[in-house]
Amino acid sequence: MEPQKKVKCRILAVFCFLCAGIAAFLYAWENFPYIQSRIESEKLADISLKTQDRGEIRPGKSLSGLPLIVDFEALRAINPDIIGWIYIPGTQVNDPILKHQEEDAYYLTHTPEKRESKLGSIYMHHDAAADFTDAHTILFGHNMKSGQRFGELSGYADEDFAKAYPDVWILLPGETLHCTVYSAYACPVDDLTYTVGYKTGERAYRDFIRHTAEASCIRVKDLPSDGDRIITLSTCTDSGDKGRRFVVNCFAAEAKELSGKGGCEAGRK
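For clarity, every value in this text was computed on a predicted model and none was experimentally measured.

Calculation notes
Note that residues are indexed from 1 along each chain, following the sequence as it is written. Per-residue local features of the predicted model are confined to residues with pLDDT of at least 70, and side-chain atom pairs are confined, for both listing and counting, to 80 or more; whole-chain, interface and lining totals are unaffected and use all residues. The basis for every side-chain value is the complete set of heavy atoms in the structure, and neither hydrogens nor water enter the calculation. The rule is simple: take the accessible area with a 1.4 Å probe, protein chains only, and divide by the maximum for that residue type; under 20% is buried, over 50% is exposed, in between is partly exposed. The numbering of helices and of strands both runs from the N terminus, where a helix is a DSSP run of H or I of at least 4 residues and a strand a run of E of at least 2. A pair of strands is treated as paired once DSSP finds two or more bridges between them. Between the first and last residue of a helix there are one fewer steps than residues, each counted as 1.5 Å, and that sum is the expected span. Regarding the arc, it is the one traced by the directions from the helix axis to the C-beta atoms. Here, two residues are considered to be in contact whenever any of their heavy atoms come within 4.5 Å of each other.

Asks: Would you mind going over the pairing of strand 3 (residues 82-87) with me for this structure?
Replies: Looking along a regular strand, one sees the side chains alternate between the two faces of the sheet. For strand 3, a buried count of 6 out of 6 residues is recorded, marking the element as mostly surrounded by other parts of the structure. Pairing of strand 3 with strand 4 (residues 94-98), which is carried by 5 bridges, proceeds in the antiparallel orientation. Residue Ile86 lies in a different strand from strand 4, and its bridge partner there is Asp95. Linkage of strand 3 to strand 4, two consecutive antiparallel strands, is achieved through a turn of 6 residues, within which Gly90 is found at a positive phi near 90°. As defined by bridge partners, strand 3 adjoins strand 7 (residues 167-171) across 3 bridges and the pair is classed as antiparallel. For Ile86, the partnering residue across the bridge sits in strand 7 and is Ile170.

Asks: Help me understand helix 4 (residues 203-215) in this model?
Replies: Side chains that are three or four residues apart share a direction in an α-helix, a result of its 3.6 residues per turn. In this model, helix 4 (13 residues) spans 18 Å end to end at C-alpha, consistent with the 18 Å of a helix rising 1.5 Å per residue. Of the positions making up helix 4, those classed as buried are Tyr205, Phe208, Ile209, Thr212 and Ala213. When helix 4 is viewed along its axis, its buried side chains cluster within an angular range of 135° and face the same direction. Seen from the open side of helix 4, the exposed residues pointing more than 90 degrees away from its buried face are Arg203, Arg210 and Glu214. Check the buried side of helix 4 and you find it contacts strand 6 (136-140), strand 8 (176-188), strand 9 (222-223), strand 10 (229-236) and strand 11 (244-252).

In structure tokens:
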């Protein structure tokens, strides 16, 4: 090979190497928050989670519906704003629940360790009852493309997914709530879905339950009664429309047979 061609080949090789290095750096830079969050989540799980039979668990691992045992003393030593734990077997939803005393949006941009991050945390508003004794409690979390936080909630737009993962566990220091998913749909940010302050047994609460059932894009056998507690899981839609949210409703109590039907938006872009 002529010297001039050898030089050109070497320059081309160096250029390709640099391009590959830059691409790898950009990929790592873009995905670092997700990787870091996953490591932190596993650390929290190692510190605080056990299964009923005292076996260890990792986030996202299915336990066939078995509730977890949570060491809340260990968690509160890390952050006293941790008031509970949410776990949906078979999904990545396996995270602490946060409640800031003053700023509702604080954990929209902060992890359970209070580190600033676009992944944020799963949290409730500051004026909600930390023990979930409100008739209607709303939990918020980001819709991450990695599936972390509430990134897998949009799966409930599909009836098969909803049937496969109907159980939502809310673990609290003094109580464990075994909730059943009964409704999922996209709605405006000012929808009736986001109304709180209901009292169980009241007509307004019955109307709220009916609204969530009629708006649903999935059909289920069991819906809540007006004496059951409702927990709404709220995230952004896959389309990123700032005026709409995707919600999953579940209830913690014995169910009675009803039916729900409606329309839905889904499909991550």
